[in-house]
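# Fold and contact review
For reference, the chains in residue letters:
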Amino acid sequence: PDPDPSGLVAADEAFSRMSLEKGPNEAFIFFAADSVIKMREGLFPVTGKAEMTRLYRERPDTGMILTWKPQRAEVSRSGELGYTFGDWQLRMKSADTTLYGNYISVWKKQPDGTWKYILDAGCNTPKPPDPSLKK
């Protein structure tokens, strides 16, 4: 039987809550594994938590609100690796603009039983359709 992904989903949801409450930079640093790879659109990926922390500390995130919601998650049979996939929303306060997209995060269970992401990537999408228009 496949392991229950509910613990992984809970970790991803906590990650999004921290982004809302403390800002994306703090959340991305806190939930990253030491060996993290963070993909960046139009740029080379950031490799390693120390480098990611340095870059995130250099750029303020006070003008943005980033949240997401996992739509799918799976955990390996060993229970050591998993992924979450979902939708994100980024609201830029100064421009009164909202961007949308999808993400995938690959997670690894740590020796203390917590989940940390080891790879994160996302892409922009059009605004999701209004769910009230679906029949």
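Refer to the structure printed above.
Since the structure is predicted, the reported quantities are computational estimates derived from the model, not experimental observations. Throughout, residues of each chain are indexed from 1 in the direction in which the sequence is written. Under the rules for a predicted model, residues below a pLDDT of 70 receive no local features and side-chain atom pairs below 80 are neither given nor counted, while totals for whole chains, interfaces and linings still include all residues. Each side-chain value is worked out from all heavy atoms of the structure, with water and hydrogens disregarded.

### Quick word on the pairing of strand β4 (residues 81-92)
As a reminder of what qualifies: Two strands form a pair only when DSSP identifies at least two bridges running between them. The helix count covers DSSP runs of H or I at least four residues long, the strand count covers runs of E at least two residues long, and both are numbered beginning at the N terminus.
Bridge count between strand β3 (residues 64-75) and β4: eleven bridges; the pairing is antiparallel. Paired with Leu66 across the two strands is Leu90, which belongs to β4. Here β3 folds back onto β4 in antiparallel fashion, the turn holding five residues, of which Gly79 has a positive phi close to 80 degrees. Pairing between β4 and strand β5 (residues 97-109): twelve bridges, direction antiparallel.

### A look at the pattern of salt bridges
The condition is simple: Here, a salt bridge means any Lys or Arg side-chain nitrogen found within 4 Å of an Asp or Glu carboxyl oxygen. Exposed residues in this analysis have more than 50% of their type's maximum accessible area, buried residues have under 20%, and partly exposed residues fall in between, with area computed by a 1.4 Å probe over protein chains only.
Under the defined criterion, the tally for this structure stands at five salt bridges. A salt bridge links Arg57 to Glu26, with the shortest nitrogen-to-oxygen separation between them at 2.4 Å. Here Glu26 lies in helix α2 (residues 24-30) and Arg57 lies in helix α3 (residues 49-58), a separation of 31 residues in the sequence. Residue classification places Glu26 among the partly exposed residues on the basis of a relative accessible area of 33%. Because the salt bridges share partners, they merge into one network encompassing Glu51, Arg54 and Glu58.

### A few points about the layout of surface pockets
Stated formally: Using a grid of 1 Å spacing that covers the protein atoms alone, one calls a set of points a cavity when a 1.4 Å probe fits there but cannot get out, and a pocket when the set is open and has protein on both sides within 12 Å along at least five of seven lines; lining residues are those with an atom within 4 Å of a point. Grid points are joined across faces, edges and corners, and a volume is the space filled by probe spheres set on the points.
Here the largest pocket defines a volume of roughly 720 Å³. Lining the largest pocket are 26 residues, with Phe28, Lys38, Met39, Tyr56 and Leu66 positioned closest to its centre. Of all the secondary structure elements, the ones that give two or more residues to the lining of the largest pocket are α2, β1 (32-40), β2 (43-47), α3, β3, β4, β5 and β6 (115-125). Take the lining of the largest pocket: its biggest share by element is five residues, from β6.

### Observations concerning the packing of aromatic side chains
The line we're drawing: Side-chain rings of Phe, Tyr and Trp (the six-membered ring for Trp) are treated as a pair once their centres are within 6.5 Å; stacked means planes under 30 degrees apart, edge-to-face means over 60, and tilted covers the remaining angles. Each ring is checked for a lysine NZ or an arginine CZ that lies within 6 Å of its centre and within 35 degrees of its normal; such an atom marks a charge sitting over the ring.
Applying the stated criterion across every chain yields a total of twelve aromatic pairs. Seen from their ring centres, Phe15 and Trp107 are 6.0 Å apart, and the 85 degrees between their planes marks the pair as edge-to-face. Separated by 92 residues along the polypeptide, Phe15 in helix α1 (residues 6-22) and Trp107 in strand β5 bring together distant segments of the chain. Just as Phe15 is buried, Trp107 falls in that class too. Seen from their ring centres, Phe15 and Tyr117 are 5.3 Å apart, and the 15 degrees between their planes marks the pair as stacked. Note that Phe15 is positioned in helix α1 and Tyr117 in strand β6, a separation of 102 residues in sequence. Of the residues examined, Phe15 reaches a relative accessible area of 1% and is grouped as buried. When the ring centre of Tyr56 is taken as reference, the NZ or CZ atom of Arg59 above it lies at 4.5 Å. Here the guanidinium or amino end of Lys116 rests over the ring plane of Phe31, the centre of that ring lying 5.9 Å away.

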